[in-house]
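Tertiary structure, described
Next come the chains, spelled out residue by residue.
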Amino acid sequence: MPDDQPEWIRLACQQQGERIRKAREYANLSQEKLAERAGLGRSTIQRIETGEGIKYVHLLRVAKALDIEPADLER
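In what follows, the accompanying structure is described. (Residues numbered from 1 in each chain as written. Predicted model: local features only at pLDDT ≥ 70, side-chain atom pairs only at ≥ 80, totals over all residues. Heavy atoms only, no water.)

Helices and strands together make up the secondary structure of the protein chain, namely four helices and zero strands. Reading the protein chain from its N terminus to its C terminus gives the helix and strand order α-α-α-α. On C-alpha atoms alone, the protein chain measures out to a radius of gyration of 12 Å, which is about the 11 Å that the 2.2 N^0.38 rule sets for 75 residues. Expressed as lengths along the three principal axes of its C-alpha atoms, the size of the protein chain is roughly 35 × 25 × 20 Å. Counting the 75 residues in the protein chain, one finds 31% classified as buried. Here the contacts in the protein chain between residues at least 6 apart in sequence split such that 52% fall between residues at least 24 apart. Element-wise, carbon and sulfur atoms account for 48% of the exposed surface of the protein chain, whose accessible area totals about 5000 Å². Positive and negative side-chain charges of the protein chain, numbering 13 and 13 respectively, have mean locations separated by a distance of 4 Å. (Helix = DSSP H or I, 4+ residues; strand = E, 2+ residues; numbered from the N terminus. Rg over C-alpha atoms; globule rule 2.2 N^0.38 Å. Buried < 20%, exposed > 50% of the residue type's maximum accessible area, 1.4 Å probe, protein only. Contact = heavy atoms within 4.5 Å. Areas by Shrake-Rupley, 256 points an atom, 1.4 Å probe, with all protein chains shown as cover. Lys, Arg positive; Asp, Glu negative; His and termini not counted. Charge placed at Lys NZ, Arg CZ, Asp CG, Glu CD.)

The subject of this paragraph is the environment of Leu 34. Residue position: Leu 34 is located in helix 2 (residues 31–38). The buried category is assigned to Leu 34, whose relative accessible area is 0%. For Leu 34 and Leu 66, which are 32 residues apart along the polypeptide, the C-alpha to C-alpha distance reads 7.6 Å. Discounting chain neighbours no more than four positions away, the residues touching Leu 34 are Arg 24, Leu 29, Ile 45, Val 62, Ala 65 and Leu 66.

As a further point, take unusual backbone geometry. We note that Asn 28 has phi near 60°; this positive angle belongs to a residue other than glycine. Considering the arrangement of structural elements, one finds Asn 28 in the loop between helix 1 (7–26) and helix 2. Overall, Asn 28 belongs to the exposed group, its relative accessible area being 70%. One non-glycine residue, Asp 67, adopts positive backbone phi at about 60°. Note on placement: Asp 67 falls in the segment after helix 4 (56–66). Assessed through its relative accessible area of 70%, Asp 67 is described here as exposed.

In structure tokens:
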């Protein structure tokens, strides 16, 4: 995530990454397995979970791979 982003955006991305990490762990999946199911690279999952931001299309893929609604990753 670019350093010039406002603090509230950085915080929102970190919180979303944390929610995705918790959902992945709840599903008992490694980053590599989630990446495989979502059709993404493991490094992409890692960046998402560390709060570097997420593209909407990636959010949709991750939610489908976790068998949850995308909105559940927003709360």
